[in-house]
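# Residue-level structure breakdown
Read off the chains here:
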Amino acid sequence: MRHAGPAGHIEAGATLAQGGPEELAFDHAGNLYGVDCQDSWIFRADAQGRLWIVGGTGDQGFTGNGGTAAQAQFTCPSGVAVDTAGNVYVSDHDNRVRRIDPRGVVHAFAGAGAIPPLDSTGGAFGGDGGPARQARFRAPAGLTVDRHGNLFVADRGNGAVRRIGPDGTITTVARVAEPAGLALDAAGTLYVATPNGVRRVDRHGASTAFARLRHPDALAFDAHGSLFVAQADENVVRRIDRQGTITIVAGTGKAGYSGDGGPAAEAELDRPDALAFDAKGNLYIGDHDNGAIREVDRKGVITTFCDGRHT
């Protein structure tokens, strides 16, 4: 088990080696947030790549609503998103979504928290048209938030993408098989990673195939409208440009940890499963099984932003 020191800073010698980044998101102030399922906590990385715990004690559980998030328990946080007001949203495998406000206080946000068996046939989906806190999820995963304050949740076990409006009402916007990562383009169109590729969801909720890729995990758009796709099973990150051309931008396909200071496409990654862009256009990759966050600059050079094994 690992412990958080004063103000939530990870104590010297502690690492993310047991787990790794599951999802990444920047806030509007340039802070990078991530979740680590295996360690049951939420972290923030500062400009020097140091990690600060903002939620979770390192022990699995569900406690702490209304108190300091760093003293609350989470089960297996798997998704993170930040809105324009600085609220951090976290999806958890206990079938809830929680909100950490800018003061660091954690609140219940969505999900009744019932945990039916994964092989059960009922009771794991519900609540559309009502308060999100009374809704039922099954293994919520990726999150993203739009400029209007709508939070989108990949309700993975239910094969649905759900939207929680600013008034707290939940609806289903699309039915897709095992949704994982989510991303919105500049026009607000939703893209969903599924086991068979990336799907695009129109404003009527109809989904169409956008790119056929094997087991995409995370999605992120750059400022030019290209979609970046992390594939943990392939150990690569791909770019799909606006003309639909697919290229590898990071990873050789071989699992490993190498290449810092050189072209990202010649570097080795180990199960990349999280992506985020900063305001300058640098790409951050959650290099999960290396317990690291790698940075790819606009010239395509890769470096280690945060070495979670030795932080």
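Residues numbered from 1 in each chain as written. Predicted model: local features only at pLDDT ≥ 70, side-chain atom pairs only at ≥ 80, totals over all residues. Heavy atoms only, no water.

## Comments concerning the overall build of the chain
- For the chain, the count of helices and strands is zero helices and 24 strands.
- Taken against the 2.2 N^0.38 rule, which gives 19 Å for 311 residues, the C-alpha radius of gyration of the chain at 18 Å falls within 12% of a compact globule.
- Viewed in the frame of its principal axes, the chain has a C-alpha envelope of about 50 × 50 × 35 Å.
- For the chain, the share of sequence-separated contacts (at least 6 apart) that also reach a separation of at least 24 residues comes to 39%.
- On the chain, roughly 13200 Å² of surface is accessible, and the fraction owed to carbon and sulfur atoms is 47%.
- Computed over 30 positive and 36 negative side-chain charges, the separation of the two mean positions in the chain equals 5 Å. (Helix = DSSP H or I, 4+ residues; strand = E, 2+ residues; numbered from the N terminus. Rg over C-alpha atoms; globule rule 2.2 N^0.38 Å. Contact = heavy atoms within 4.5 Å. Areas by Shrake-Rupley, 256 points an atom, 1.4 Å probe, with all protein chains shown as cover. Lys, Arg positive; Asp, Glu negative; His and termini not counted. Charge placed at Lys NZ, Arg CZ, Asp CG, Glu CD.)

## Some points on the sheet that holds strand β23 (residues 292–296)
- Pairing within the open sheet is antiparallel, and its four strands lie in the order β21-β22-β23-β24. The two strands at the open ends of the sheet, each matched to only one other strand, are β21 (272–277) and β24 (302–307). Direction aside, neighbouring strands of the sheet carry axes that sit 25° apart on average.
- In the sheet, β23 pairs with β24 via five bridges, with the strands oriented antiparallel. Paired with A292 across the two strands is D307, which belongs to β24. (Pairing = 2+ DSSP bridges. Axes fitted to C-alpha atoms, helices over the stretch in contact; angles between N-to-C directions.)

## Quick word on the state of the cysteines
- According to the stated counting rule, one finds one disulfide in the structure shown.
- Note on cysteine connectivity: C37 is disulfide-linked to C76, with sulfurs 1.5 Å apart. Torsion about the S-S bond of the C37 and C76 cystine: about -85°, corresponding to left-handed handedness. Placement of C37 in the loop between β2 (32–36) and β3 (41–45) and of C76 in the loop between β4 (51–55) and β5 (77–82) is noted, with a sequence separation of 39 residues between them.
- Here C37 falls in the buried class, since its relative accessible area comes to 13%.
- In this model C306 remains outside any disulfide bridge; the closest cysteine sulfur is found in C37, 18 Å from its own. (Disulfide = S-S within 2.5 Å. Buried < 20%, exposed > 50% of the residue type's maximum accessible area, 1.4 Å probe, protein only.)

## What to know about the packing of aromatic side chains
- Tallying each qualifying case throughout the model produces six aromatic pairs.
- Summarising the aromatic geometry, the rings of Y89 and F109 are spaced 4.9 Å apart at their centres and angled 65° between planes, so their arrangement reads as edge-to-face. Placement of the pair is Y89 in strand β6 (residues 88–92) and F109 in strand β8 (residues 106–110), with a sequence separation of 20 residues. Each member of the pair, Y89 as well as F109, carries the same accessibility label: buried.
- On the numbers, 5.2 Å between centres and 85° between planes, the contact of Y284 with F305 is edge-to-face. (Phe/Tyr/Trp six-rings, centres within 6.5 Å; stacked < 30°, edge-to-face > 60°.)

## Some points on the nonpolar core
- The biggest cluster of nonpolar side chains holds 16 residues, and the ones touching the most others in it are F228, V237, L275, L283 and I285.
- With sequence-adjacent residues up to four places away left out, F228 is seen in contact with A218, L219, A220, D222, V237, R238, R239, V249, L275, F277 and L283. (Core = buried A, V, L, I, M, F, W, Y, C linked by side-chain atoms within 4.5 Å.)

## Some remarks on the pattern of salt bridges
- Taken as a whole and judged by the stated rule, the model has 10 salt bridges.
- Put simply, E234 and R214 hold a salt bridge, and the shortest N to O gap is 3.0 Å. Of this pair, E234 sits in the loop between β18 (227–231) and β19 (236–240) while R214 sits in the loop between β16 (207–211) and β17 (218–221); the two residues are 20 residues apart in sequence, bridging distant segments of the chain.
- Residue E234 is classed as partly exposed on the basis of its relative accessible area of 25%.
- The exposure class of R214 is partly exposed, given its relative accessible area of 47%.
- The shortest N-O distance in the salt bridge between D287 and R294 comes to 2.8 Å. (Salt bridge = Lys/Arg side-chain N within 4 Å of Asp/Glu carboxyl O.)

## Remarks on the environment of G64
- Note on placement: G64 falls in the loop between β4 and β5.
- Since its relative accessible area comes to 31%, G64 is described here as partly exposed.
- Spatially, the C-alpha atom of G64 lies 17 Å from that of N87, the residues being 23 residues apart in sequence.
- Each residue touching G64, except ones within four places of it in the same chain, is listed here: A72, R98 and V106.

## Points about the pairing of β5
- Among the six residues in β5, six count as buried, and that is most of the element.
- Note that β5 and β6 share five bridges and pair antiparallel. By the bridge assignment for β6, V80 is matched with V90.
- A loop of five residues connects β5 with β6, the two strands running antiparallel in sequence, and G86 in this loop sits at a positive phi of about 90°.

## Remarks on unusual backbone geometry
- Phi at A139 is positive, roughly 55°, even though this residue is not glycine.
- Positive phi is not limited to glycine here, since E178 has a value of about 45°.
- Along the polypeptide, E178 turns up in the loop between β12 (170–175) and β13 (182–184).
- Assessed through its relative accessible area of 44%, E178 is described here as partly exposed.

## Focus: the confidence of the model for the chain
- Overall, the predicted model of the chain reaches an average pLDDT of 91, with 90% of residues at or above 70.
- Predicted confidence for residues 1–14 stays below pLDDT 50, and this span has 33 contacts to residues more than four positions away or in other chains. (pLDDT = per-residue confidence, 0-100.)

## Some words on the pairing of β16
- The pairing of strand β15 (residues 197–201) with β16 spans four bridges and is antiparallel. Paired with R200 across the strands is T208, a residue of β16.
- Linkage of β15 to β16, two consecutive antiparallel strands, is achieved through a turn of five residues, within which G205 is found at a positive phi near 90°.

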